[in-house]
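Results of the structural survey
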Amino acid sequence: MVSWLVIIFLSGVSGFLLVISFPDFGKYIFAFIALVPVLVIWGRAGFWKAFLSGYIMAAVFFGVIFYWAADLGIHVWIALTLFQGVYFALWAGLVSWCCRGQGISKDFKTMIFLLVSWVFIECIRNSGPLGLGWGGLGYSQAPDLPLIQSASVLGYYWVGIIVLGVNVVIAAYIDRLRRDMASSFAADWKELELKGTGNIILRGFIGPFTSKVSGCSLPLFTVLVISALIFSLAYGFGRLKQAPEGPGFRAAVLQMNVGMYRPWGMVYLEEARKNLLHLMELAMKTSPDIVILPETTLPASMEKGDPIEMEFRGLAVKNAVYVLFGIPRRIGDVFKNAAVLMSPQGEIKGEYHKIHLVPFGEYLPFEKQLRKYPVFDRVQDFVPGNEEVLFDFPGGKFGVLICFESNFASVARAKARMGANFLVVVTNDSWFGLSSAAANHIGWDVFRAVETGLPLIQSGNSGISAIIDSRGRIQQETTLARLDMISGTIYPSDKRTIYTGTGDIVMPASVMAFLILCGIRFLKEKKSG
């Protein structure tokens with residue numbers, strides 16, 4: 001029986017190891033062992049002990065990576081941490097339910113269940129109006145370029161499965177070693193006297209390699225995981241050797257460094273204008289074909305034909321360059337979060353309205369019930385767009401993802417399938433101050449570039465702004481909270497990855513396997529009881 005003190009300690013250890021796998025720490029290798037302590041616990045503990053262990057681990061992990069939310073209010077930070085923790089707790093409960101106290105090395109189906117149940121829970125966490133993939137296991141590997149190239153074939157979930165698979169293998173051997181050593185010591189003290197402790201300990205280590213687990217050996221599962229890891233790395237190293245093809249174009253990316261917490265007004269607007277003109281002057285020295293400005297480029301909304309629109313038109317015409325900018329767009333009585341492309345002739349060549357709005361940020365879920373509470377007064381009231389849009393300029397076609405949308409692989413994939421040659425993310429991460437949130441955002445972008453095989457440009461109001469190639473390599477990036485400009489050559493791509501065509505095949509396959517294994521488990525319980 002595992003004591004509560006041990007459960008709390010090991011759950012905290014797992015949470016801490018997950019934390020250091022992500023920015024600001026960036027020790028992504030620790031993700032491969034982070035879940036080992038709790039997996040050993042969950043396999044032997046009852047449902048509620050495992051559930052609470054999962055919640056403790058999640059509270060440590062999300063409590064740290066969402067610490068920026070405290071700037072929006074302590075209640076926001078606590079609510080976000082506790083809500084996200086439910087998913088990990090449910091997964092822990094599912095693992096315990098499947099293992100029935102017999103450990104995660106119980107049989108081959110159990111180890112597979114651990115993988116597919118994680119995908120199932122992650123799918124739920126990423127879906128619906130409150131969907132948020134922040135802190136997903138696979139995203140910890142954004143710096144590991146060889147490994148994540150496999151996402152161009154099988155998507156983000158595949159990378160997460162590999163990381164989790166290594167955790168399961170290590171935890172399973174520890175679980176078997178612990179069980180076999182315990183049984184060896186308890187079984188025969190006479191044998192201990194005759195053959196010594198060294199023999200019994202050796203048997204504990206080699207036992208998992210020689211014993212069969214319900215007709216299928218634990219080493220077989222190990223071979224499958226290692227093979228998947230080696231295949232992914234070999235494919236990744238080969239893909240990274242490929243050079244971009246075709247002509248490129250020059251892009252300048254401007255980082256305005258205008259904060260979010262100041263009240264909008266003329267003083268604020270004039271400061272933003274001054275920054276914009278200064279950065280445009282620097283950008284034009286690099287001879288760009290297009291200038292990329294961030295979400296909420298100016299602290300003002302824009303209506304058709306109003307002075308703000310005229311300002312951007314004048315900017316494009318004066319400098320004879322395409323200008324993409326983000327702006328709150330007023331259409332009648334509603335506001336939309338928009339990205340607008342202005343041509344050198346002063347014509348609006350395209351406009352995209354953000355479809356995936358941020359819950360409790362850009363809109364209030366359950367508004368009729370919640371709007372009456374003052375705590376939600378700061379929540380904005382944007383209306384989502386309803387149409388995917390591709391922008392076209394001489395350098396190629398591109399799709400825009402506004403801020404939070406880059407967290408969703410399906411959004412980038414949809415634009416790639418429409419014919420985009422590169423992607424642009426405009427964002428305003430100044431909400432997050434100097435926290436690691438902006439670095440996490442860049443991690444999402446790296447995955448979106450790899451999955452679609454398209455270069456990606458991000459312009460952040462306060463950073464991080466970056467130019468990322470089609471293999472996820474960050475060519476240039478800025479630092480946070482700094483007025484800055486970067487420029488570089490973008491090589492648009494006409495090629496489409498396997499993932500662009502097939503999508504997240506790992507996700508439906510895992511969900512189906514999860515439901516089948518649950519069905520088998522239910523039938524077995526019904527038959528036995």
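Attention here is on the structure that accompanies the text. For every chain, the first residue of its written sequence is number 1, and the numbers climb from 1 along that sequence. Per-residue local features of the predicted model are confined to residues with pLDDT of at least 70, and side-chain atom pairs are confined, for both listing and counting, to 80 or more; whole-chain, interface and lining totals are unaffected and use all residues. In computing side-chain values, all of the structure's heavy atoms are included and hydrogens and water are not.

1. So, the overall build of the chain
Only DSSP runs of H or I covering at least 4 residues are called helices, and only runs of E covering at least 2 are called strands; the numbering of each starts at the N terminus. Across its full length, the chain carries 17 helices and 12 strands. The C-alpha atoms of the chain give a radius of gyration of 26 Å, which matches the 24 Å a tight globule of 529 residues would have. A principal-axis box enclosing the C-alpha atoms of the chain has dimensions of 90 × 55 × 40 Å. Burial status follows relative accessibility: with a 1.4 Å probe on protein chains alone, a residue under 20% of its type maximum counts as buried, one over 50% as exposed, and anything between as partly exposed. Within the chain, the proportion of its 529 residues that are buried is 57%. Here, two residues are considered to be in contact whenever any of their heavy atoms come within 4.5 Å of each other. Sequence separation of at least 24 residues holds for 71% of the intrachain contacts in the chain that already meet a minimum separation of 6. Of the roughly 22,400 Å² of accessible surface on the chain, a fraction of 65% belongs to carbon and sulfur atoms. Counting rule for charge: Lys and Arg are taken as positive, Asp and Glu as negative, and neither His nor the chain ends is counted. In plain terms, the charge of a residue is placed at NZ if it is Lys, CZ if Arg, CG if Asp and CD if Glu. Side chains of the chain give 47 positive and 40 negative charges; the mean places of these two sets differ by 9 Å. Both definitions apply: the radius of gyration is a C-alpha atom measure, and the globule rule equals 2.2 Å times residues to the power 0.38. Values of accessible area rely on a 1.4 Å probe in the Shrake-Rupley scheme; residue burial ignores everything except the protein chains shown.

2. Some points on the side chain of Thr297
Checked against the element boundaries, Thr297 lands in the loop between strand S2 (290–292) and helix H12 (307–319). We classify Thr297 as buried; its relative accessible area is 0%. What qualifies as a polar contact is a pair of N or O atoms within 3.5 Å, subject to a donor-acceptor requirement within protein and to the restriction that residues adjacent in sequence count only when both atoms come from side chains. Only 2.7 Å separates the side chain of Thr297 from the backbone oxygen of Pro294, close enough to count as a polar contact. Setting aside residues up to four positions removed in sequence, Thr297 forms contacts with Met256, Ala272, Phe312, Phe325 and Gly326.

3. Things to note about the nonpolar core
Within this scheme, the nonpolar core is defined by two criteria: the residues are buried Ala, Val, Leu, Ile, Met, Phe, Trp, Tyr or Cys, and they are joined through side-chain atoms within 4.5 Å. Counting residues in each nonpolar core, the largest one holds 104 residues, and the members touching the most others are Trp42 and Trp91. Per-element accounting of this core gives the leading share, 14 residues, to helix H8 (residues 156–187). Aside from chain neighbours lying at most four places away, what touches Trp91 is Leu35, Leu39, Trp42, Leu114, Ser117, Trp118, Ile121 and Leu164. Formed by 28 residues, the second largest nonpolar core is a distinct cluster that contains Ala252, Leu293, Ile308 and Val340.

4. A few points about the pattern of salt bridges
In what follows, salt bridge is the name for a side-chain nitrogen of Lys or Arg lying within 4 Å of a carboxyl oxygen of Asp or Glu. Applying the stated rule across the entire model yields 11 salt bridges. The salt bridge partner of Arg125 is Glu122, with a shortest N-O separation of 2.9 Å. With Arg125 and Glu122 both in helix H5 (residues 108–126) and 3 residues apart, the pair spans about one turn of that helix. Classification of Arg125 by relative accessible area gives buried; the value is 0%. For the salt bridge of Glu351 with Arg329, the shortest nitrogen-to-oxygen distance reads 2.8 Å. On the criterion of sequence distance, the pair formed by Glu351 in strand S5 (residues 348–353) and Arg329 in strand S3 (residues 322–331) is long-range, its members being 22 residues apart. Classification of Glu351 as partly exposed rests on a relative accessible area of 22%. By relative accessible area, Arg329 is classed as buried at 7%. Among the charged side chains, a network of salt bridges with common partners joins Glu309, Arg313, Arg329 and Glu351.

5. Points about the sheet that holds strand S8 (residues 422–427)
Pairs of strands are assigned from DSSP output, requiring at least two bridges between the strands. Here we have 6 strands laid out as an open sheet, ordered S6-S7-S8-S9-S10-S11, and mixed in their pairing. Single-partner strands in this sheet number two, and they are strand S6 (390–393) and strand S11 (474–477). Between one strand axis and the next, the sheet turns through 20 degrees on average, direction left out of account. In this structure, S8 lies alongside strand S9 (residues 456–460), joined through 5 bridges in parallel fashion. Directly across from Val426, in S9, lies its bridge partner Ser459. Helix axes are fitted to C-alpha atoms over the stretch in contact, other axes to C-alpha atoms as well, and angles between N-to-C directions run from 0 to 180 degrees. Helix H14 (residues 409–418) contacts S6, strand S7 (396–402) and S8 of the sheet and is inclined by roughly 165 degrees relative to S7. Running over the sheet, helix H15 (residues 437–452) touches S8, S9, strand S10 (466–468) and S11 and is turned about 160 degrees from S9.

6. A short note on a nonpolar patch on the surface
A contiguous nonpolar surface patch, about 280 Å² in accessible area, is contributed by Trp4, Ile8 and Leu52. Its place among the elements puts Ile8 in helix H1 (residues 4–21). Look at Ile8 and you get partly exposed, because its relative accessible area is 45%. A patch consists of residues whose relative accessible area exceeds 30% and which take part in no salt bridge; residues with like charges are grouped when within 9 Å of each other, and nonpolar side chains (Val, Leu, Ile, Met, Phe, Trp, Tyr) when within 5 Å.

7. Looking at the sheet that holds strand S4 (residues 334–342)
Think of a sheet as strands paired side by side through backbone hydrogen bonds, with each pair either parallel or antiparallel. Reading across from one edge, S5-S4-S3-S2-S1-S12 is the order of the 6 strands in this open sheet, with mixed pairing throughout. Strands at the two margins of the open sheet, each flanked by one partner only, are S5 and strand S12 (484–490). Averaged over neighbouring strand pairs, the angle between their axes works out to 30 degrees when direction is ignored. Pairing geometry for S3 and S4, over 9 bridges, is antiparallel. If you follow Leu324 over to S4, its bridge partner there is Leu341. In this fold H12 packs onto S3, S4 and S5, with an angle of close to 175 degrees to the strand it touches most, S3.

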